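Listed here are the chains, written in short residue letters.
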Amino acid sequence: SVIQEHLSCFHFDTREKPTIESVRIANGTKGHFHPRCNEILFFIEGRMQFVSENFPEYEGMKGLIVFLPAGEKYSYTAVSPTVLIVFRVYDPIRLCDNFTVENLYASKPAEDTYKPRTQHYSALEINARMWHLLDGIGDCLSDGVKCGSYFDLKIKEFFLMLRIYYPKEDIRDFLYLLLSGDTAFSEYVRQKWHRFRTVAEMAESLRMTPR
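Model, not experiment: these values are computed from the prediction. (Residues numbered from 1 in each chain as written. Predicted model: local features only at pLDDT ≥ 70, side-chain atom pairs only at ≥ 80, totals over all residues. Heavy atoms only, no water.)

**Student:** Explanation requested: the nonpolar core in the structure shown.
**Tutor:** Nonpolar side chains in soluble globular proteins tend to be buried together. Among the nonpolar cores identified, the biggest contains 55 residues, and Ile40, Phe42, Phe50, Ile65, Met130, Phe158 and Leu162 are the most heavily contacted of them. Looking at which element gives the most residues to this core, the answer is helix 4 (residues 148-165), with seven residues. The residues touching Phe158, leaving out its near neighbours within four places in the chain, are Ile40, Phe42, Ile65, Phe87, Met130, Leu133 and Phe174. (Core = buried A, V, L, I, M, F, W, Y, C linked by side-chain atoms within 4.5 Å. Buried < 20%, exposed > 50% of the residue type's maximum accessible area, 1.4 Å probe, protein only. Helix = DSSP H or I, 4+ residues; strand = E, 2+ residues; numbered from the N terminus. Contact = heavy atoms within 4.5 Å.)

Printed below as a string of structure tokens:
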């Protein structure tokens, strides 16, 4: 059957935390998590409070996209029954073929004058086009789709939609926690530092010198 073919496919996402996932959280639920990759939360329903060591308390709610960088530790409390679609971004972020995150970094004002409009978590409103994308993803997840190739395409589509439908200044504020002149390097360090005991070991994995 088609379902059996999907389940046995090499690209079927069998990870405990798949690339894209729909999550339902009951009212009053408390928890902790420490993402090893960058995560993007789309609030489909409900409200949730976040607390982190490095940021003040923040409340995500229906209609928001919240960016959570890898390496942070979070505590949360569901203030009401909450439905999320979670994107786990395992690869360096690319907005589109003609405008990279490095371009976004290069276009920001001088370091001594630039301050993101949000001093806590990075958030954007879900606009009409983004809701349309999420509705389709939600339907496929409900059908049992867990295709890694499909997930990769949808994450790529999300970043392309971000570039098309949101002002550059809003995207910069949304991603400001990971902006650098060499995102591939900085994201490698952010996501994989825990695998190495020393800088020398990490440098060897990158085929670089410790310096």
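**Student:** Just checking my understanding: could you explain helix 4 for this structure?
**Tutor:** Because each turn of an α-helix spans 3.6 residues, side chains separated by three or four positions in sequence point in the same direction. With 18 residues, helix 4 extends 25 Å between its outermost C-alpha atoms, agreeing within 8% with the 26 Å of an ideal straight helix rising 1.5 Å per residue. Buried within helix 4 are the following residues: Gly148, Tyr150, Phe151, Lys154, Ile155, Phe158, Phe159, Met161 and Leu162. (Expected span 1.5 Å × (residues − 1).)

**Student:** So what exactly am I meant to see when it comes to the sheet that holds strand 1 (residues 20-25) here?
**Tutor:** Backbone-to-backbone hydrogen bonds pair the strands of a sheet. The strands run either parallel or antiparallel. An order of 1-8-3-6-9 is seen for the five strands of this open sheet, with the pairing classed as antiparallel. The outermost strands of the open sheet, each flanked by one partner alone, are strand 1 and strand 9 (122-125). On average, each strand axis in the sheet is inclined to that of its neighbour by 25 degrees, with strand direction left out of account. The pairing of strand 1 with strand 8 (residues 82-89) spans six bridges and is antiparallel. Residue Val23 lies in a different strand from strand 8, and its bridge partner there is Leu84. The strands that helix 4 touches are strand 1, strand 3 (38-45), strand 6 (64-68), strand 8 and strand 9; relative to strand 8, the one it contacts most, it runs at about 95 degrees. (Pairing = 2+ DSSP bridges. Axes fitted to C-alpha atoms, helices over the stretch in contact; angles between N-to-C directions.)

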